[in-house]
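Below, each chain spelled out in residue letters.
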Amino acid sequence: MEKMFEGSLWASRFMVILAVVFGLIGAVVLFVVASFDIYETAKYVLTTYITSAHPENFHENVVGGIIGAVDLYLIGVVMLLFSFGLYELFISEIDVAKDESGEDNKILAIHSLDQLKDKISKVIVMVLVVGFFQKVGHTTYTGALDMLYFALSITAVAVGLYYLGKVGKK
């Protein structure tokens, strides 16, 4: 009875396949949406130059569209890391991810929940940084104090990224 229960308990780990599959589907959806956003931005730029129009906030709109797409790509990468990590942790190592020498691919190799959490959190921080710069691009500055806040916020982001890069390194 105990062996049967333990066997079924161990087999229940395959429920993780749902999260893996739907995580991959989510990543593909995000990559497709981001690609369409880039396409629409490129179409907008070409149309603007062909018609010799000079729309207000043209550069901000173009940069905002591209940064928004980069944001979606990064979130798609989070979904990929999540899917690969769950699969490797609960189901099996991904044999095709190893190179000819038998070593793991360093980008997608995940051997613990802490490694998965660290990789995902670093990408999430990058998503937040990209989102921050997208918002900053659409902000109007009315005085010196606004520019000072802008400079301080960029400094805070840079310092945070510096220390984030130091995490896990000896």
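To start, this report covers the structure provided alongside it. (Residues numbered from 1 in each chain as written. Predicted model: local features only at pLDDT ≥ 70, side-chain atom pairs only at ≥ 80, totals over all residues. Heavy atoms only, no water.)

### Notes on the overall build of the chain
On a plain count of helices and strands, the chain comes out with 5 helices and 0 strands. Order of helices (α) and strands (β) in the chain, N terminus to C terminus: α-α-α-α-α. In the chain, which comprises 170 residues, the share counted as buried stands at 22%. If you take every contact in the chain between residues at least 6 apart in sequence, the share linking residues at least 24 apart comes to 69%. (Helix = DSSP H or I, 4+ residues; strand = E, 2+ residues; numbered from the N terminus. Buried < 20%, exposed > 50% of the residue type's maximum accessible area, 1.4 Å probe, protein only. Contact = heavy atoms within 4.5 Å.)

### A short note on the packing of aromatic side chains
The tally for this structure, following the rule as stated, stands at 3 aromatic pairs. An aromatic cluster is defined as three or more aromatic residues linked by ring pairs; in this entry it consists of Y44, Y49 and F58. (Phe/Tyr/Trp six-rings, centres within 6.5 Å; stacked < 30°, edge-to-face > 60°.)

### Some words on the nonpolar core
In this structure, V16, V20, V78, L81, L86, I110, L116, I120 and V123 together form the largest nonpolar core, which totals 9 residues. Ignoring any residue separated from it by four or fewer positions in sequence, one finds V16 in contact with L86 and F90. (Core = buried A, V, L, I, M, F, W, Y, C linked by side-chain atoms within 4.5 Å.)

### What to know about the pattern of salt bridges
What the rule picks out here adds up to 1 salt bridge. K43 is the salt-bridge partner of E40, the closest N and O atoms lying 3.5 Å from each other. With E40 and K43 both in helix α2 (residues 16–50) and 3 residues apart, this pair spans about one turn of that helix. Classification of E40 as partly exposed rests on a relative accessible area of 39%. (Salt bridge = Lys/Arg side-chain N within 4 Å of Asp/Glu carboxyl O.)

### Let's talk about the side chain of T48
Position of T48 among the secondary structure elements: in helix α2. Residue classification places T48 among the buried residues on the basis of a relative accessible area of 5%. Of note is the side chain of T48, whose polar atom sits 2.7 Å from the backbone oxygen of Y44. (Polar contact = N/O pair within 3.5 Å; in protein donor to acceptor, adjacent residues only side chain to side chain.)

### Considerations on a nonpolar patch on the surface
Together, F14, I17, L18, V21, F22, I25, V29 and V33 make up an exposed nonpolar region whose accessible area comes to about 690 Å². The topology assignment puts L18 in helix α2. (Patch = residues over 30% accessible without salt bridge, like charges linked within 9 Å, V, L, I, M, F, W, Y side chains within 5 Å. Areas by Shrake-Rupley, 256 points an atom, 1.4 Å probe, with all protein chains shown as cover.)

### Remarks on the environment of E93
Relative to the elements of secondary structure, E93 occurs in the loop between α3 (58–91) and α4 (113–137). Take E93: its relative accessible area is 38%, and that puts it in the partly exposed class. Considered as a pair, E93 and I110 are 17 residues apart in the sequence and their alpha carbons are 9.0 Å apart.

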